[in-house]
Amino acid sequence: MKVLVVDDSKLARLSLIKTLKEYEPSAEIFEAENGAIGVEFFKAEHPRVVFLDLTMPVMDGYEALKLMIEIDPKAQVVVVSADIQTQAQARVLSLGAKLMVPKPINSEKMLAVLQQLVF
Amino acid sequence: MQASEFSDDHLDILKELMNIAMGNATASIADLLQAFGTMHIPYISVSDLNGLKSFIEETIPNDRQYYVTKQLFGGMFGGEFIFVMTDESAVNLGNYLYDISKPERADILDAVVELTNILSATIVSRLTEELNTKVQFFVPSTELVEGNNLIGLAEILDYHKIIIVSTQMVFQTQNISGYIFILTKGEMIERLRHLIDQKLEELYA
């Protein structure tokens, strides 16, 4: 399974990947440090699931999400963000995200995401 | 590496934890204002007083007045939380919270302190929770300061080696925004580095 992780924090990516590997040790993981690079990986690799941060330099998560959904309306994008405002959640869901999970993502939250989108 | 030096990993994790803390704080203030706030990418830097002066000069326009609220916190990690808000934003906040067109100075002060209390408690508590420690808060104080005197505040001048953690909170529709600084120094910088090292060990284990 191909998974794309888009976050400007290297350690946020590391933490998420470590949690993901607990359930999907063989996942092929692509990392991007901003939305623009994330969209390029998305076009090239067609990942089954995308974990996307919102607050990033160069291109934020909202813009990246919009572009990913334009490229593939069925894309399985999970927004993982510190922004836990209900309006932020409503906005990303209206843009086409499948789920929004508050940071930091732990084993329990990861399992819930995978059960909903993968297993 | 010197005891007080931070690697890129230290700064990255501090930025990420601040991001999480800021997310919680923005949501709390959004509830208070019944509005949607914009989060900014936190700026993290290890600096000295000159670096702090330059940063403030570049970030905050000096041609207006600001409500500056300062709150000390201490424990395994300690420092000072500073919230800087333009006079205009503070009036808008008082206006919005009290639902009156011309709030009294006391009402504005009360609104600014209330907002700062929520911000500092949420941000610092969340930050320290992620670092597996706890802190105690001291009573905050607020004063109205000219922009060109922001860096002349006696408490700020007391900082030599400083970690600047800075971000901005913006509620555009209500025209309310503010600058947030967390300053820490001396032994506390070393303690913070130790707490981040523990977090890094957890991640790399």
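Starting afresh in each chain, residues are numbered from 1 along the sequence in its written order. Here every chain gets a letter starting at A, and every ligand a number starting at 1, in the order they are written. Local features in this predicted model are restricted to residues of pLDDT 70 or higher, and side-chain atom pairs are both shown and tallied only at a pLDDT of 80 or more, whereas totals for entire chains, interfaces and linings draw on every residue. Calculated side-chain values reflect all of the structure's heavy atoms, with hydrogen atoms and water omitted.

1. What to know about the nonpolar core
- Definition of nonpolar core: a set of buried residues of the types Ala, Val, Leu, Ile, Met, Phe, Trp, Tyr and Cys, connected through side-chain atoms within 4.5 Å. A 1.4 Å probe rolled over the protein chains alone gives each residue an accessible area, and that area as a share of the maximum for its type sets the label: buried under 20%, exposed over 50%, partly exposed in between. Membership of the largest hydrophobic core comes to 48 residues, with the highest contact counts inside it found for Phe81(B), Leu119(B), Ile123(B), Met169(B) and Ile182(B).
- Segments assigned H or I by DSSP are reported as helices when at least four residues long, segments assigned E as strands when at least two residues long, and all are numbered from the N terminus. For this core, the elements supplying multiple residues, two or more each, are helix 1 (8–33), strand 3 (65–75), strand 4 (79–86), helix 3 (87–98), helix 4 (105–130), strand 7 (162–171), strand 8 (176–185) and helix 6 (186–204) of chain B.
- At eleven residues, the largest contribution of residues to this core is made by helix 1 of chain B.
- The contact criterion used throughout is that any non-hydrogen atoms of two residues lie within 4.5 Å. With near-sequence residues (within four places) excluded, Leu119(B) lies in contact with Ala25(B), Ile29(B), Phe81(B), Phe83(B), Val124(B), Met169(B) and Ile180(B).
- In this structure, Val39(A), Leu65(A), Ala75(A) and Val92(A) belong to the second largest nonpolar core, which totals 23 residues.

2. With respect to the pattern of salt bridges
Residues and elements named next belong to chain A.
- Put simply, a salt bridge is a Lys or Arg side-chain nitrogen that is within 4 Å of an Asp or Glu carboxyl oxygen. All chains considered together, the criterion is met by 15 salt bridges over all chains.
- Residue lysine 43 pairs with glutamate 40 through a salt bridge whose shortest N-O separation is 3.5 Å. With lysine 43 and glutamate 40 both in helix 2 (residues 35–45) and three residues apart, this pair spans about one turn of that helix.
- For lysine 43, a relative accessible area of 42% corresponds to the partly exposed category.

3. Regarding the environment of Asp110(B)
Residues and elements named next belong to chain B.
- By the element assignment, aspartate 110 lies in helix 4.
- Accessibility expressed as a relative area gives 45% for aspartate 110, which makes it partly exposed.
- Measuring from C-alpha to C-alpha, the distance between aspartate 110 and serine 47 comes to 33 Å, with 63 residues separating the pair along the chain.

4. Some remarks on helix 4 of chain B
- With 26 residues, helix 4 of chain B should reach 38 Å at 1.5 Å per residue; the first-to-last C-alpha distance of 37 Å fits that figure.
- Just past helix 4 of chain B, the residue Asn132(B) takes up positive phi, approximately 55°. Residue count minus one, scaled by 1.5 Å, sets the expected span of a helix.

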